[in-house]
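# Survey of secondary and tertiary structure
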Amino acid sequence: MIYRTFHDLKLSQLGFGCMRFALDPATGEIDQAKVDAMFDLAIREGVNYFDTAYPYLGGKSETAMAEALSRYPRDSYYIADKFPGHSLTAPIDNIALFHVSLKKCRTDYFDFYLLHNITEWSVKYYESEEYHIIPDMLRMKKEGKIRHLGFSFHGGPKLLEEFLTRHEGEFDFVQIQLNYLDWTLQQAKEKYEIITRHGLGVWVMEPLRGGKLAVLPESESAKLRQNNAPSDSGLPASDASYAFRFLQELPGVMVILSGMNEVFQVEDNLRTFREPNPLTDKERSTLLEIAEALKTGVPCTSCRYCCDGCPVGLDIPYLLQCYNDFKFANSMTPSMRLDALAEDKRPAACISCGQCEHACPHGIKVPAVLAELADIYEKGPHWADQVKLRQKSIQEDLRS
Ligand code: SF4
Ligand code: SF4
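Heads up: these notes are all about the structure in this document. (Residues numbered from 1 in each chain as written. Chains lettered and ligands numbered in written order. Predicted model: local features only at pLDDT ≥ 70, side-chain atom pairs only at ≥ 80, totals over all residues.)

A separate point is the overall build of the chain. Looking only at helices and strands, one finds 17 helices and 10 strands in the chain. Against the compact-globule benchmark of 21 Å for 400 residues, the chain has a radius of gyration of 21 Å, which places it among compact chains. Each principal axis of the C-alpha atoms in the chain carries an extent, and together these give about 65 × 55 × 45 Å. Across the 400 residues of the chain, 42% fall into the buried class. Long-range contacts, defined here as pairs at least 24 residues apart, represent 79% of the contacts in the chain between residues at least 6 apart. (Helix = DSSP H or I, 4+ residues; strand = E, 2+ residues; numbered from the N terminus. Rg over C-alpha atoms; globule rule 2.2 N^0.38 Å. Buried ≥ 20, exposed ≤ 12 C-beta atoms within 10 Å, placed from the backbone. Contact = placed C-beta atoms within 7 Å.)

Written as structure tokens, this is what we have:
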């Protein structure tokens, strides 16, 4: 197993993400026997990092993870959990909710604890004096109930830089969506560089982009196979193994989370993380070439040449990132980021003057793209509506 040293800890670089446990088709409940078997295999091969979150699997991930880990000594593994500040619409008793998670995880401390999903939308709640989330979590850290405090992040590089600057010294690590596709599609390279510049550990989520990089279209997969990558198992190297190897060698990347729900995925990942196997230059360039082929949106490079002349002051590259994200996958993140904007800064505010189209070196037909984005956004769903339901269920948890 590849390990990374973080402060005084030896972390397996492969982290077990607990957001996608398989369900028993008969009962619709988590298949605990399968979770136990996957954990046994992973632990036997050296995995020691397990990541859950309060809302995963309707709140059942925490308990299933705890059940599987209860068969091992508490000091033989590390648990990461998350505070759902992105799901709040009113202040709650943060400490009480933190204790709900401790109880569900059958522990009295978290090795790693994260503010869940900071974006342009949720940052105002996380930083609100009234919600008092960050001071409460810093208190839990001071009391030893949190060993390392971090946050997961889905916003843009500008917010990341500003947030880290405002909170210098408060956080130990940042978890971002990082993979060879988002390296450019979601400006993950810039975010990775910001985190390392601030001297913090980089935790990776979505290394396979929700599974899309685990099974590539045949034409793209064939490009990888042409490289004849070595495989000590006798099996052909999987598409997923290349995606992980792209991340393994990045300095500062401590943990790469994989949401495994089948034993064969655990076995394949364990092969990939058995020992370092750096990509060749050819393999790396092939992955970046595949990333370009997979992109379905517009080729905006965020150069901002178009921005100064926009008569309504739209942040055009920000809007185009949301558009690209909508086009690539069905996710709430772009909707969340659009919800965070004032109404007169959303795509529907574009008056189709065409200035940006003339300024753009890539000839992107911005007004038409923004009209399409406005239409997609209008149809929803909207994060603001989802959050109302989540807040209700948090309050029920606190009452019970
Ligand atoms: S077309 Fe729309 S986005 Fe482009 S400059 Fe005009 S108002 Fe701004
Ligand atoms: S000029 Fe084109 S590439 Fe540059 S930010 Fe604007 S839309 Fe994107």
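Turning our attention to helix α1 (residues 32-44). Between its first and last C-alpha atoms α1 spans 18 Å; for 13 residues at 1.5 Å apiece the expected length is 18 Å, and the two agree. Of all the residues in α1, the buried ones are Val35, Met38, Phe39 and Ala42. On an axial view of α1, the arc spanned by its buried residues comes to 100°, and they lie on one face. When the buried face of α1 is taken as reference, the exposed residues oriented beyond 90 degrees from it are Ala33 and Arg44. For α1, the secondary structure elements touched by its buried residues are β3 (14-17), α2 (60-69) and α11 (263-272). Once α1 finishes, Gly46 follows within two positions and takes phi at roughly 110°, a positive value. (Expected span 1.5 Å × (residues − 1). Arc of directions from axis to C-beta.)

Moving on, we come to the site of ligand 2. Among the 16 residues in the neighbourhood of ligand 2, the closest are listed as Cys300, Cys303, Tyr305, Cys306 and Cys360. Within the residue set of the shell around ligand 2, elements represented by two or more residues are α13 (316-328) and α15 (355-359). (Near = placed C-beta within 6 Å.)

A few words now on the site of ligand 1. Surveying the vicinity of ligand 1 reveals 15 residues, the closest of which are Cys310, Cys350, Cys353, Gln355 and Cys356. Of all elements in the fold, only α15 and α16 (366-379) reach the threshold of two or more residues within the shell around ligand 1. In terms of residue count, α16 provides more of the shell around ligand 1 than any other element does, three residues in total. Its residues assigned to classes, the shell around ligand 1 shows 12 nonpolar, three polar and no charged. (Nonpolar A, V, L, I, M, F, W, Y, C, P; charged D, E, K, R; others polar.)

Let us now look at the sheet that holds strand β8 (residues 173-177). Strand order in the closed barrel formed by eight strands is β3-β4-β5-β6-β7-β8-β9-β10, with parallel pairing between adjacent strands. With direction set aside, neighbouring strand axes in the sheet form an average angle of 30°. One ladder, built from five bridges, connects β8 with strand β9 (residues 201-205); its direction is parallel. The residue bridging Gln175 from the neighbouring strand is Trp203, located in β9. (Pairing = 2+ DSSP bridges. Axes fitted to C-alpha atoms, helices over the stretch in contact; angles between N-to-C directions.)

In this fold, Ala384 is placed in helix α17 (residues 383-399). Taking the C-alpha atoms as reference points, Ala384 and Lys10, separated by 374 residues in sequence, lie 40 Å from one another.

The packing of two helices is summarised by the inter-axis angle and the distance between the axes. Viewed as axis vectors pointing N to C, α1 and α2 meet at an angle of 55°, and their least axial separation amounts to 9 Å. Accordingly, the angle class assigned to the pair α1 and α2 is oblique. In the crossing of α1 with α2, the sense of the turn from one axis to the other is right-handed. The segment α1 lies against α2, with Gln32, Val35, Asp36 and Phe39 engaging Ala64, Glu67, Ala68 and Leu69. Looking at the contact of α1 with α2 residue by residue, the classes come out as five nonpolar, one polar and two charged. (Parallel < 35°, antiparallel > 145°, perpendicular 65-115°, else oblique. Left-handed = near helix turned anticlockwise from the far one by under 90°.)

For the rest of this paragraph, the subject is the nonpolar core. Inside soluble globular proteins, nonpolar side chains tend to come together where they are buried. The biggest cluster of nonpolar side chains holds 86 residues, and the ones touching the most others in it are Met137, Val174, Ile176, Val202 and Val204. No other element matches the six residues that strand β6 (residues 110-118) contributes to this core. Those residues in contact with Ile176 that lie beyond four places of it in its chain are Phe153, Ala188, Lys191, Tyr192, Val202, Val204 and Met205. Within the second largest apolar cluster, 20 residues are counted, among which are Leu314, Tyr318, Leu319 and Cys356. (Core = buried A, V, L, I, M, F, W, Y, C linked by C-beta atoms within 7 Å.)

Moving on, we get to the packing of α13 against α16. At a closest axis distance of 10 Å, the pairing of α13 and α16 adopts a crossing angle of 60°. As the angle between them shows, α13 and α16 are arranged oblique. Remark: the crossing between α13 and α16 carries left-handed chirality. For the pair α13 and α16, contact is made by Ile316, Leu319, Leu320, Cys322, Tyr323 and Phe326 and by Val366, Val369, Leu370, Leu373 and Ile376, respectively.

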